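What the coordinates show
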Amino acid sequence: MRGKSVGVAGAVLLLTACGGTVAGGGGGGGGGSDEPVRIGVITGLTGAYVQLGEEQRNGAELAVEQLGGQIGDRPIELIVRDDQLKPDVALREAQALVQEEQVDYLTGCVSAATTLAVNQIATQAGVPYIGTCQTEQLNRPPNYDADLTYHLAPTPSQAINAGSPFICDQLGRSVFLLMPDYAFGHEQEAAYKQAIPEQAGCTVVGTAYFPLGTTDFNPYIPTIEGSGAEVLVFGGAGRDQVSFLRQVDQFGLTDRFRTFLSIEDLSFDQELGFDLIDGTWAMAAFYWNVEDEGVQEYVDAYREAYGAPPGGYGVYLWNAINLIAASIEDGAETPEEFREFMEGKEVSLAQGEMTIRACDHQALAPIVILEGLAADEAESRGGDGQWGYREVVETLPGSEDYAPTCEEVQTEFQRAG
Amino acid sequence: MGQLISQIVLGLVSGALLVLLALGLNLIFGLLEFINFSHGALYMVGAYVASYLAVATGSLWPALLVVPVVMALLGAGLERTIIRPMYGRDQVDALLLTFGLTYVLIEGVRMIAGSGGRRVSTPELLRFQVDLGIVRLPAYLLFVVVVVGLVVAGLHLFLRRTDVGLIVRAGIRDHVMIRALGVPFDRYRTLVFALGVAVAGIAGVLTGPITGVYPEMGADILILAFVVVVVGGMGSFWGAVVAGLLIGVVVSLTTLYASVYAGIVPFVLMILVMTFRPRGLLGAT
Amino acid sequence: MTHLTTPSATDGTPTAGEAAVTVARLSGAAPARWTWGQLGLLVVLAVVVLFTVPNPSLAIGMLIYGLWAAGLNLLVGYGGLVSFGHALPFAWGGYAAGLTLLHVSSSAWLALLVAVVSMAVLSALVGAVCLRRTEVYFSMLTLAFAQLGFFIALQWDDLTGGDDGLAGIPVPTLWLPGTTVELNALRDPLTFFVVTAVLVLVVFAGLILYTESPMGRVLQAIRESEERARGCGYSTRLVQLATFVVAGAVAGLAGGLFAMLNNFVGLQPYWLLSGVVLIMVILGGRSSLFGPFLGAVVYLLLESTLSRYFASWQLIVGAIFVICVLAFPQGLWGLLTQTLPGLFRKRRRTR
C-alpha cells in the first residue's frame, strides 16, 4: 500500500500547491487598454507539412516583431502550438488556447481537417478564427459562423477559376486530372470540371485519383499516356508532388505533356530542383517574386530575418496579424467590432490587393501563374540565381468573378438552415 | 490488351522494391522471431546516407556499394546493444522496442538533416527510356529491377550454397537444436540482422531517385512490406518475392480500373489470404 | 499451475490464489493484492489530474484515453493478443455517438449506448475473423480491418465528413434522476470531467471484475498456453472473442465520449492512432489495468508539454519508449510496484 499512500500524499501536496485548472476555472478575460492582445496560432510543426507549419510560425513571429511587439499600448502575446496535422490534437490545443491562455484571436493551419477542428472550438468559444489553408468548407455551413470565421487563403475553386483560362489558352485544350483522394483533391476536381469546359473548345479527357501518401506513380503512367491529353494537371502537394514529378520525368512524360501543378510552394520547389521544375507550370496564391510593393516589403523583411525568401504559407499569418493589429488600432475591441472592421475590408498587404467580402468573409486576393525555369535562366528570368525557380507569367487580381456569387452563397446558407 | 500488359509490367517493376524490403524483414523474422518495426526507418537512414554520399562523390554508384556496408555495421551495432536483450522475452517486446527506435531514427535524422527532403538525381547514364514494345520504361527502373534480381539471387545462393547459410536455414527451422549442437548461435543472429538491414539500405539507395529522400519515407512502405511478408508467408524466402510482385501487380491493375481502391486492395488481399491460407501463400503449413 | 485446473477460481482457496500469483509474477500479470487497490489509485489519479492539469480538455482527454488504453490492455496484457487496430473501435464509437447526436437526439445516454452496442456487434464480427489467427497474424488482421475502416470513413464522406471531419455535433444533454445537465466541455468543463470520471470509474471497476471472473482467469491461462487451456475443456476462442468484444465496446465508449468532448470527429491514419494507444499501454505496463491508464496520462502530459518547448519531442518519446522496454519491461506500473519497493527492500536488508 506504500504506492497508494505516496499517491495520496502527492495529490494533497499538488492540491494545496496549485489552484486553477478544471476545478478552479479560468481567470477573467476581456481587453483593457493595456491588457495584452493574445493571439493563438495552431499549425503543423510536426507531420508531413512541417515546412509549411514552420513557415507559418515564422510569418507570425515576423509580423509581431515588425509591430514592435505591441499594438498601441497593448503588448502582443503570440502563442504558437503544434497540431501534428491531427484533428484531435488541433482540438485539444485550440481548447487549451481558449480556456487556459484566454486568447482573443485564433489563426493558422496547413490542412483542411485541422482548420475545421480549430474553427469548431473558436465558434463555440466566441473567439474570431482566421483560417489560412485552402479549403471550400471553412466558410460554408455547418462550419461557417458569420460572427467569427474568416478565410485568407483562396479556396481551390477560386484559384482554379482564375487559372483555367491560362491552362486552356496557353497549354492545351484537352486536360487530364490527377488528384489526391481526399477533400482537397475532390474539391479541385469539381472546380476543374466546371471551369475547364467553360473555356471554348477545352475539355477534361480523364481523371484519376491517387490515395493519400502514394509514393509510386508508375501505375498511373499508362492511363495518362492513353488519355490523349495535352495537359496534365496534378493536384497533390508536398511529397506527393515530388514523387510524382520525379517519376513522370523518368518516363519522359514532362516532354510530351504540359504539366501543370495546381499548388506551388517554395519548400516543394527546393526539393524538386531546377531539373524537374524546368518545363512545367504552376499556380499559387503567393510567390516571392511578384511585382507588388506590399509583397516585396514582406519578402525583404522575411529574407532578412530568415535568410531565404518566404514560401506561400507564412504570408497568411503575417497578414492575419497585421489585420488584427489594424483593427485594434481602429478601436475594435470585441469580436463584433472585429467583424465590422473585416467585412468588405480592402487592403494591400503581403498578398497584394485584397478584399475580404462581407457575405462569407472570403479573401479575394491575386492568383499567380508560374513558369518553371532551368538553372541557367534563374538569374535572368526568375530574379535570383538560387531561388528563381519560376517566372511569374501572369497575375490575376482577386475578383468576385472567380468565387461563387454572394447570392449563390446565400442560397447555400438558407438550404442548410 | 496492350494496356493491360503494360500495367502488369509496371506492377512488377513497382513490386520489385517491395520485395527487397520484405525480404530483409522476413529474414530477420525467420531467425530472430520478431517483427522489426524499425525496418522502414533503417531503409530511410540508408537512403539518407546515400543522398549525402551522392552529393560528396557526385554520383550514386559509390553509394550502392558503401551503403550496404554502413547499414550492415549499423545493424550489427543495434543488434548487439538493444536487440539482444530481447531474446527469450515476449515477441511483443522486441516489436515495441523497434517501434520506439523508429521514432528515434526519424526524429534524429530530422534534427541532423532538417525536415525538408533531399534531392537525389537519377544517374546521368540512365536518363533515357527503353522501348519494350508494349511499354516504354525508364532505364533507371530497369536498372532497379536488375539490382533487385541480383540481390535476390545472391541471398538465395548465400542461404543455399554456403555453410553459414546452412546454419541460418537450420536455425530458422529449429534454433534450440542448432544451439544444442554447439553452434555459436548469437553470432548468426547478429549476422542475419545486419544482412536484413543492409538489404533495406540497398532499397533505400535505389528509392532515392524515384521519390526523393525524406524522414517519413519508411512509414507507409513499411506497412505495405508487412502485408507482403504476411501474404507470402512469414519466414518464407520465395513467399516474400512472389507476394511482393503480386501486390505490385494487383495495385497496378486496381489503379487502371478503380484508382480510388488502390490503397486498400493490399489489405483486402491480406484478409482473404489469411482466411484461406493461414500461413501465407508459400508459408510452411 | 493449479489455478488452471480449477475453473471456478473466482477468488479460490489460498493455495490456488498463491499459485496464480506466482504464475502471474513470472509472466508479468498483476500481483493479486493490487486488484481492487487499482480502483483507489484511479480515483487518486483522477483527482490529481483534476487539480493539476491546467487544460480542461487535456484533463478530460486523459480520462478518455486512459479508459481506451486500459480496455486495450485486456487484449494485450491479459490476453496476449496485440491489436494493431484499436483505433477502429475508438473512431467507430466517435462516429456512432456523433451521428446519433447529430441526426437522432441530443441525449448523451442514447449516443453512448449506440456507440457501445454497435461497436460490440462490430467487434464480434471483426473478432470472429481476426481471432482465427494468433500472434503476428492476429495483429496484422486487426491492422487490416482498421485500414478498411479508415478507407470507408474517408470515402463515405456524405456521412462521415471524410477527412474534413464530422463537424457541428450538438452539445449533448445528460438525463439524471431528477435533473438534466448539459455536457458542454468548453463552457462547463467541471461537469463534463465529473461525469466522465464517474463513467470511467464504473467501467474500470467492471474491467477489474472481468479480469477476476472465471472468464478473465481463463483468458490469462490461454495467454500462457492455449493448448493447455483447451485441454482443460475451455472454449478458448469464445473467451477471446468475449474479451475482444469487451475491449471494443470500451473503446467505443471512449470514442463516444471523445466525440462529445470535442463536438467533432476527426479522421487521421488509423495505424498511427493505434500505435499511440499501444504506446500508452506499454509505457504504463501490461500487467495491470491501472498501468495503461497511468501510461495514457503520462504520455499525454509528455506530448503536450514537450511539444511546446522542443520541436523534436518525438525523439524523447521514442527514447523513453526504448528505455522502457529495455529496462522496465513492466512499464511504469512495474516500476512503482516492483522495482522501487525492491530497491527499498534491498537497502533495508543491507542495513
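In the nomenclature of an unreviewed UniProt entry, chain C is known as Amino acid/amide ABC transporter membrane protein 2, HAAT family of Geodermatophilus ruber. The annotation that UniProt attaches to chain C under Subcellular location (unreviewed entry) is "Cell membrane".

Looking at an unreviewed UniProt entry, one finds chain B named Amino acid/amide ABC transporter membrane protein 1, HAAT family, with Geodermatophilus ruber as its source organism. Under the Subcellular location (unreviewed entry) heading, UniProt states for chain B: "Cell membrane". Recorded in UniProt for chain B, the comment headed Sequence similarities (unreviewed entry) runs: "Belongs to the binding-protein-dependent transport system permease family. LivHM subfamily."

**Regarding the overall build of chain C**
Helices and strands together make up the secondary structure of chain C, namely 16 helices and two strands. In chain C, the share of contacts with a sequence separation of at least 24, taken over all contacts with a separation of at least 6, comes to 73%.

**Here we look at the interface of chain C and chain B**
Between chain C and chain B, the contact holds 25 residues from the first and 29 residues from the second. Only α7 (135–155), α13 (270–284) and α15 (313–327) of chain C provide two or more residues apiece to the side of chain C that touches chain B. Its residues assigned to classes, the side of chain C that touches chain B shows 18 nonpolar, five polar and two charged.

**Thoughts on the sheet that holds strand β13 (residues 352–356) of chain A**
Residues and elements named next belong to chain A. Reading across from one edge, β12-β13-β14 is the order of the three strands in this open sheet, with antiparallel pairing throughout. Pairing within the sheet leaves two strands with one partner each, and these edge strands are β12 (345–349) and β14 (363–364). Judged from the five bridges that link them, β12 and β13 form a sheet pairing that is antiparallel. In the sheet register, L349 faces β13, and the bridge partner there is G352.

**Observations regarding the UniProt feature "transmembrane region" (unreviewed entry) in chain B**
All names here are of chain B. As annotated by UniProt and renumbered to match this structure, "transmembrane region" (unreviewed entry) occupies residues 6–29, 41–74, 94–113, 134–159, 191–214, 221–250 and 256–276. Between the C-alpha atoms that bound residues 6–29 the distance is 34 Å, and the span itself is 100% helix and 0% strand. Between the C-alpha atoms that bound residues 134–159 the distance is 36 Å, and the span itself is 81% helix and 12% strand.

**Observations concerning the interface of chain C and chain A**
When the parts of a complex come together, some accessible area is lost, and that lost area is often taken as the interface size. Counting residues at the interface gives 40 residues for chain C and 38 residues for chain A. Mapped by element, the contributors of at least two residues to the side of chain C that touches chain A are α3 (37–52), α4 (56–78), α9 (189–212) and α16 (331–350) of chain C. Looking at the side of chain C that touches chain A element by element, the count peaks at nine residues for α3 of chain C.

**Details of helix α3 (residues 50–66) of chain A**
Residues and elements named next belong to chain A. Helix length check: α3, at 17 residues, gives a terminal C-alpha distance of 24 Å against a target of 24 Å (1.5 Å per residue), a fit within 8%. Within α3, 13 of the 17 residues are buried, which leaves it mostly tucked inside the rest of the structure. Looking one or two residues past α3, G68 carries a phi angle of roughly 75°, positive in sign.

**A short note on the pairing of strand β3 (residues 74–82) of chain A**
Residues and elements named next belong to chain A. Of the strand pairs in this sheet, strand β1 (residues 37–43) and β3 are connected by seven bridges, and their pairing is parallel. What sits directly across from G40, in β3, is I79. Direction of pairing for strand β2 (residues 70–71) relative to β3: antiparallel, over a ladder of two bridges. Counted as the bridge partner of I71 is R74 from β3. The hairpin turn running from β2 into β3, its antiparallel successor, is two residues long, and G72 in that turn takes a positive phi close to 60°.

**As for the pairing of strand β8 (residues 203–210) of chain A**
Residues and elements named next belong to chain A. Summarising the sheet, strand β7 (residues 174–180) and β8 pair through seven bridges and their orientation is parallel. Across the sheet, the residue bridging to F176 is G206, located in β8. In terms of handedness, the path from β7 via helix α7 (residues 183–198) over to β8 forms a crossover that is right-handed.

**What to know about the sheet that holds β8 of chain A**
Residues and elements named next belong to chain A. With respect to topology, seven strands assemble into an open sheet ordered β8-β7-β9-β10-β11-β15-β16, the strand pairing being mixed. Two strands in the sheet have a free side with no partner beyond their single neighbour: β8 and β16 (390–396). Strand-to-strand, the axes of this sheet are offset by a mean angle of 20°, without reference to chain direction. Across four bridges, strand β9 (residues 231–234) lies against strand β10 (residues 258–261) in parallel orientation. Each bridged residue has a counterpart across the sheet, and for V231 the counterpart in β10 is R258. The strands touched by helix α6 (residues 156–171) within the sheet are β7, β9, β10, β11 (280–284), β15 (367–372) and β16, with β15 carrying the most contacts at an inclination of about 40°.

**Here's the deal with the packing of helix α1 (residues 2–32) of chain B against helix α8 (residues 185–211) of chain B**
All names here are of chain B. Two numbers describe how α1 lies on α8: the axes approach to 9 Å, and their chain directions differ by 170°. Comparing the axis directions of α1 and α8 gives the class roughly antiparallel. Touching L17, L20, L21, L23, G24, L25, L27, I28, L31 and L32 of α1 are R189, V192, F193, L195, G196, V197, V199, A200, I202, A203, L206 and T207, all from α8. The residue inventory of the contact of α1 with α8, partitioned by class, reads 18 nonpolar, three polar and one charged.

**A word on unusual backbone geometry**
All names here are of chain A. Between P141 and the following residue, P142, the backbone shows a cis peptide bond with an omega angle of 5°. Residue position: P142 is located in the loop between β5 (129–131) and β6 (149–151). A positive phi angle is found at H361, which is not glycine, with a value near 60°. Tracing the sequence through the fold places H361 in the loop between β13 and β14.

**What about the UniProt feature "transmembrane region" (unreviewed entry) in chain C?**
All names here are of chain C. According to UniProt, the "transmembrane region" (unreviewed entry) feature falls on residues 34–53, 65–88, 108–129, 136–156, 190–210, 238–259, 271–301 and 313–336. Across residues 65–88 one finds 67% helix and 0% strand; the C-alpha atoms that close the span lie 14 Å apart. For residues 271–301, helix accounts for 84% and strand for 0%, while the C-alpha atoms at its two ends are 22 Å apart.

**Remarks on α8 of chain B**
Over its 27 residues, α8 of chain B extends 39 Å from the first C-alpha to the last, a length consistent with the 39 Å expected when each residue adds 1.5 Å. The element α8 of chain B is extensively covered by neighbouring structure, given that 21 of its 27 residues are classed as buried.

**Overview of the environment of Q250 of chain A**
When you line up the elements, Q250 of chain A lands in helix α9 (residues 238–250). Residue Q250 of chain A is classed as buried on the basis of its 24 C-beta neighbours within 10 Å. Placed 26 residues apart in sequence, Q250 of chain A and L276 of chain A show a C-alpha to C-alpha distance of 9.8 Å. With near-sequence residues (within four places) excluded, Q250 of chain A lies in contact with T122, P138, Y140 and L141 of chain B.

**A short note on the nonpolar core**
Ranked by size, the top nonpolar core spans 367 residues in total, and within it A94 of chain A together with V19, L21, A22, A225 and V228 of chain B carry the most contacts. The residue makeup of this core includes at least three contributed by each of domain 1 (30–154 + 290–365) and domain 2 (156–284 + 366–401) of chain A. Ignoring sequence-local partners within four residues, the contact set of A22 of chain B consists of A225, V228, V229, G232, A240, A243 and G244 of chain B.

**Thoughts on the packing of helix α10 (residues 214–224) of chain C against helix α12 (residues 236–262) of chain C**
Residue and element names in this part refer to chain C. In the contact formed by α10 and α12, the axes pass within 10 Å of each other and the chain directions differ by 110°. Here α10 is positioned roughly perpendicular relative to α12, judged by the angle of their axes. α10 and α12 meet at a crossing whose hand is left-handed. Packed against α10, whose contacting residues are M215, V218, L219 and I222, the element α12 presents T236, V239, Q240, A242 and T243 at the interface.

**Here we look at the environment of D158 of chain C**
The residue D158 of chain C is located in helix α8 (residues 157–160) in this model. In this structure the C-alpha to C-alpha distance between D158 of chain C and L101 of chain C, which are 57 residues apart in sequence, comes to 16 Å.

**As for the confidence of the model for chain B**
Per-residue confidence for chain B averages 90 on the pLDDT scale, and 99% of its residues sit at or above 70. At the level of individual helices and strands, chain B shows its lowest average pLDDT in helix α7 (residues 175–180) of chain B, which scores 76, and its highest in helix α2 (residues 39–57) of chain B, which scores 96.

Thresholds, definitions, all that
Residues numbered from 1 in each chain as written. Chains lettered and ligands numbered in written order. Predicted model: local features only at pLDDT ≥ 70, side-chain atom pairs only at ≥ 80, totals over all residues. UniProt positions renumbered as here; feature names shortened; annotations may be inferred. Helix = DSSP H or I, 4+ residues; strand = E, 2+ residues; numbered from the N terminus. Contact = placed C-beta atoms within 7 Å. Nonpolar A, V, L, I, M, F, W, Y, C, P; charged D, E, K, R; others polar. Pairing = 2+ DSSP bridges. Expected span 1.5 Å × (residues − 1). Buried ≥ 20, exposed ≤ 12 C-beta atoms within 10 Å, placed from the backbone. Right-handed = clockwise from strand over helix to strand, strands pointing away. Axes fitted to C-alpha atoms, helices over the stretch in contact; angles between N-to-C directions. Parallel < 35°, antiparallel > 145°, perpendicular 65-115°, else oblique. Core = buried A, V, L, I, M, F, W, Y, C linked by C-beta atoms within 7 Å. Domains from an automatic or database assignment. Left-handed = near helix turned anticlockwise from the far one by under 90°. pLDDT = per-residue confidence, 0-100.

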